[in-house]
Amino acid sequence: MANEANVTLELDDIQSGVLRPRPAPYAAAYILLRIDDHKSGRELMRRAATVVTSAANSTSATGDASLSVALTFQGLKALRVPQPSLDSFAIEFQQGMAARARELGDISESAPERWEKPLGTRDVHVVVVALAPDSQRLEPVLERGQKAFEQLSGVATIWRQDCCALPTEKEHFGFRDGISHPAVEGSRVPGSNPRERPLKPGEFVLGYRDETGGFPPVPEPEALGRNGTYAVFRKLHQRVAVFRQYLRANSSTPQEEELLAAKIMGRWRSGAPLALSPESDDPVLGADPIRNNDFLYQDDPLGLRTPPGSHIRRTNPRDASVAGAVRLHRMIRRGTSYGPLLPQAVLEDDGVDRGIMFVFIGAHLKRQFEFVQSEWVNDGVFIGAAAEKDPVSGANDGTGVFTLPRRPVRRRMQGLPRFVVTRGGEYCFIPGLRALRWLADLRS
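Residues numbered from 1 in each chain as written. Predicted model: local features only at pLDDT ≥ 70, side-chain atom pairs only at ≥ 80, totals over all residues. Heavy atoms only, no water.

A. Quick peek at the environment of Thr-50. Along the chain, Thr-50 falls in helix H2 (residues 38-51). The spatial distance from the C-alpha of Thr-50 to the C-alpha of Gln-95 is 30 Å, given a sequence separation of 45 residues. Engagement of the side chain of Thr-50 in a polar contact is seen with the backbone oxygen of Arg-47, the distance being 2.6 Å. (Helix = DSSP H or I, 4+ residues; strand = E, 2+ residues; numbered from the N terminus. Polar contact = N/O pair within 3.5 Å; in protein donor to acceptor, adjacent residues only side chain to side chain.)

B. Here's a closer look at the pairing of strand E1 (residues 26-35). Of all 10 residues in E1, nine are buried; the element is thus mostly enclosed. Here 10 bridges tie E1 to strand E4 (residues 155-165), and the two strands are oriented antiparallel to one another. Bridging across to E4, Leu-33 finds its partner in Thr-157. Of the pairings in the sheet, the one linking E1 to strand E3 (residues 126-132) comprises seven bridges and is antiparallel in character. Note that in E3 the partner of Ala-27 across the bridge is Ala-132. (Buried < 20%, exposed > 50% of the residue type's maximum accessible area, 1.4 Å probe, protein only. Pairing = 2+ DSSP bridges.)

C. Structural view of the layout of surface pockets. Taken as a whole, the largest pocket spans an internal volume of roughly 670 Å³. Around the largest pocket, the lining is made up of 31 residues, and of these Ala-24, Glu-169, Asp-177, Gly-178 and Ile-179 lie nearest the centre. The element contributing the most residues to the lining of the largest pocket is strand E6 (residues 332-338), with five residues. Each residue belonging to the lining of the largest pocket can be placed in one class, and the counts come to 13 nonpolar, 10 polar and eight charged. Its boundaries defined by the atoms lining it, the second largest pocket holds a volume of some 480 Å³. For the second largest pocket, the lining is made up of 20 residues, of which Gly-174, Arg-244, Arg-269, Gln-344 and Ala-345 are closest to its centre. Looking at the lining of the second largest pocket, the elements that each hand over two or more residues are helix H9 (240-249) and helix H10 (254-265). Here the lining of the second largest pocket is built from residues that sort into nine nonpolar, four polar and seven charged. (1 Å grid on protein atoms, 1.4 Å probe; cavity = no way out; pocket = protein on both sides within 12 Å on 5 of 7 lines; lining within 4 Å. Points joined across faces, edges and corners; volume = space filled by probe spheres on them. Nonpolar A, V, L, I, M, F, W, Y, C, P; charged D, E, K, R; others polar.)

Spelled out as structure tokens, the structure:
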């Protein structure tokens, strides 16, 4: 991390949720607001600037708790941001996630017309995210936020999703989550892979150089755009019973089920990577944050250990030879489970909604999130398997294919259904703290 000294990030102006890792475990609440009166909306921005946590604060009075605020393009319009400023935002952000659904693979069951309302509608203006190590410590954070927006007659709460990262740090399919995250120069936050050089801050925060050596386009004026970034907010329903049924139907023993699950994900459920433990699970390795992400793929070009089509290798090919410069497509990823666990060994769906609230953070919506979704998750050309999609989160339809390289003969899995269904989402802009005040001071 030698380059850290050459980069100075204005951490006191960047929202904490952009760069700071979340506590483990933690509880969270996602709240959507609609602005019905622009003056009330501007007052909301003024109050938000006083309660939002900055990245300069590694802890808070409530103990690793934080409050973040983001706006959709419709939210900026509701605040009556001047048209030249609106026009300076990324076109993908202006169009919104629902309009970009086909590029993202959000079709059929995941199409916007089937999304949970009000997600994907013009009514979603502000996204508030509160999180803390547990539900008890989350309450004071929510109280701070509620004081900021519940007493404004022109601002309405229209949706809320409560989430909770489990003490095991596993998601509903049973895999340890939140293992891999990049280091950002100047952030003072180490990455989880010591073999990956820290990325330029302009990949994740506007106003700084990115990996191309240039500066990503910053919304105008600078007071609005600098130290902000884009965020992709998605509610993803997990078909846990369907996932378990597929493993059972394509395995002869419980051990084979676990190996197939690991091959599909690229990790054992404990978090141990196949790259380091290809034959059997290693829970000690999986729980070790110093070792469980310390690997590359250069010594496994055929994917005999980690299949090229596995979820973690698709979404972050690391040093593998693929089409596209991997470092230009890295994102900061935050995932939080919602809904109760389906009891172990249960193979029938109980009808309860469960899944993950995802947030992807990056300065380039097109070449980060959208590229990964369209080229790596929902296409296989880059790994020489054009007919294959991501076996975990790809837009499979019951005819999906997944290849497991092995000697002497590879195994080709057939009939993959869709295990993850998009229930909705939004493209958001996370302003810096000064930008919140700029929005509050709008006069026209």
